[in-house]
Amino acid sequence: MVIKAGGTETQGRFAVIDQRMPPDYATPLHVHRTDDEAFYVLEGQLRVHYGQRQLTAGPGTWVFAPKGLPHALQTGPEGARVLTFSSPAGFADFVRSVGEAAREHRLPPPAPVDPQRLTAIAQQHGIDILGPPPRP
């Protein structure tokens with residue numbers, strides 16, 4: 001993830017993140033208590049589960065997930081590139097807290113995720129992890 005604009009640049013009002021997702025990537029089902037979130041797909045396919053709905057989004061698709069709406073993201077075999085917007089800018093702080101700075105501008109190899117660490121950091125940033133991504 002490359003934070004294009006975070007709280008410092010927007011007086012905390014919103015964040016824009018250029019997110020490259022590897023093939024067969026999935027987020028857990030989660031809900032933001034404080035941030036609205038939206039996604040604009042630039043490349044690839046993204047399956048979005050939000051509320052009781054599911055959408056397969058290709059390039060040029062805009063998806064809005066308001067705070068309080070459980071959602072999860074999944075890519076297909078090609079991965080995806082997505083602009084992620086959050087308002088206010090808190091999601092960018094979560095990204096900084098849970099990740100580590102890249103040494104070069106490319107997707108790193110897959111690494112195991114510590115679910116307890118992820119859940120604890122998410123809660124500190126107003127995000128509740130609800131479980132694994134829903135099955136298609």
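Scroll up to find the structure this text is about.
This is a predicted model, so every value here is computed, not measured.

Enquirer: Where do I start with the packing of helix H2 (residues 90–98) against helix H3 (residues 115–124) in this structure?
Expert: Axis angle and axis distance: for two packed helices, these are the angle between their axes and the distance between the axes, and together they describe the pair. Axis separation between H2 and H3 bottoms out at 10 Å; the angle between their running directions is 150 degrees. The angle between H2 and H3 falls in the class roughly antiparallel. Between H2 and H3 the crossing geometry is right-handed. The segment H2 lies against H3, with Phe94, Ser97 and Val98 engaging Arg117, Leu118, Ile121 and Ala122.

Enquirer: What exactly am I supposed to notice about the side chain of Glu37 here?
Expert: Positionally, Glu37 belongs in strand E4 (residues 36–50). Despite being buried, Glu37 has no salt bridge partner; Arg33 is the closest side chain of opposite charge, sitting 13 Å away. Among the polar contacts listed, one links the side chain of Glu37 to the side chain of His71, at a separation of 2.7 Å. Apart from residues lying up to four places away in sequence, Glu37 is in contact with His30, His32, Val63, Phe64, Ala65, Pro66, His71, Thr84, Phe85, Ser86 and Phe91.

Enquirer: What should I look at first to understand a nonpolar patch on the surface in this one?
Expert: A surface patch of nonpolar side chains, about 320 Å² in accessible area, is lined by Tyr40, Trp62 and Phe64. Counting through the fold element by element, Tyr40 comes out in strand E4. On the basis of relative accessibility, which here comes to 33%, the residue Tyr40 falls in the partly exposed class.

Enquirer: I tried to follow H2 on my own but got confused; where do I start?
Expert: Given 3.6 residues to a turn, an α-helix orients residues that are three or four positions apart in the same direction. Buried within H2 are the following residues: Phe91, Ala92, Phe94 and Val95. Each buried residue of H2 lies within a common arc of 155 degrees when the element is viewed along its axis, so the set occupies one face.

Enquirer: Mind showing me how you'd approach the pairing of strand E5 (residues 53–57) here?
Expert: The two faces of the sheet receive side chains in turn, since in a regular strand these alternate between them. Bridge count between E4 and E5: five bridges; the pairing is antiparallel. Within the sheet, the bridge partner assigned to Arg47 lies in E5 and is Thr56. Here E4 hands over to E5 after two residues, with Gly51 in that stretch at a positive phi of 60 degrees.

Enquirer: Whenever I open this one, the pattern of salt bridges confuses me. Can you help?
Expert: Oppositely charged side chains may form a pair once their charged atoms are brought near each other. Summed over all chains, the structure comprises four salt bridges. Notably, a salt bridge pairs Asp128 with Arg33, separated by 2.5 Å at the nearest N-O pair. One end of the pair, Asp128, is in strand E8 (residues 127–131); the other, Arg33, is in the loop between strand E3 (29–32) and E4, with 95 residues separating them in the sequence. What makes Asp128 partly exposed here is its relative accessible area of 23%. One salt-bridge network, in which partners are shared between bridges, spans Asp18, Glu43 and Arg81.

Enquirer: What's the story with the environment of Thr27 in this structure? I'm lost.
Expert: Mapped onto the secondary structure, Thr27 falls in the loop between strand E2 (15–21) and E3. By relative accessible area, Thr27 is classed as buried at 10%. Here the alpha-carbon distance between Thr27 and Thr8, two residues 19 residues apart in the chain, equals 26 Å. If we skip the residues at most four places from it in the chain, Thr27 touches Ala72, Leu73 and Pro133.

Conventions used here
Residues numbered from 1 in each chain as written. Predicted model: local features only at pLDDT ≥ 70, side-chain atom pairs only at ≥ 80, totals over all residues. Heavy atoms only, no water. Axes fitted to C-alpha atoms, helices over the stretch in contact; angles between N-to-C directions. Helix = DSSP H or I, 4+ residues; strand = E, 2+ residues; numbered from the N terminus. Parallel < 35°, antiparallel > 145°, perpendicular 65-115°, else oblique. Left-handed = near helix turned anticlockwise from the far one by under 90°. Contact = heavy atoms within 4.5 Å. Buried < 20%, exposed > 50% of the residue type's maximum accessible area, 1.4 Å probe, protein only. Lys, Arg positive; Asp, Glu negative; His and termini not counted. Salt bridge = Lys/Arg side-chain N within 4 Å of Asp/Glu carboxyl O. Polar contact = N/O pair within 3.5 Å; in protein donor to acceptor, adjacent residues only side chain to side chain. Patch = residues over 30% accessible without salt bridge, like charges linked within 9 Å, V, L, I, M, F, W, Y side chains within 5 Å. Areas by Shrake-Rupley, 256 points an atom, 1.4 Å probe, with all protein chains shown as cover. Arc of directions from axis to C-beta. Pairing = 2+ DSSP bridges.

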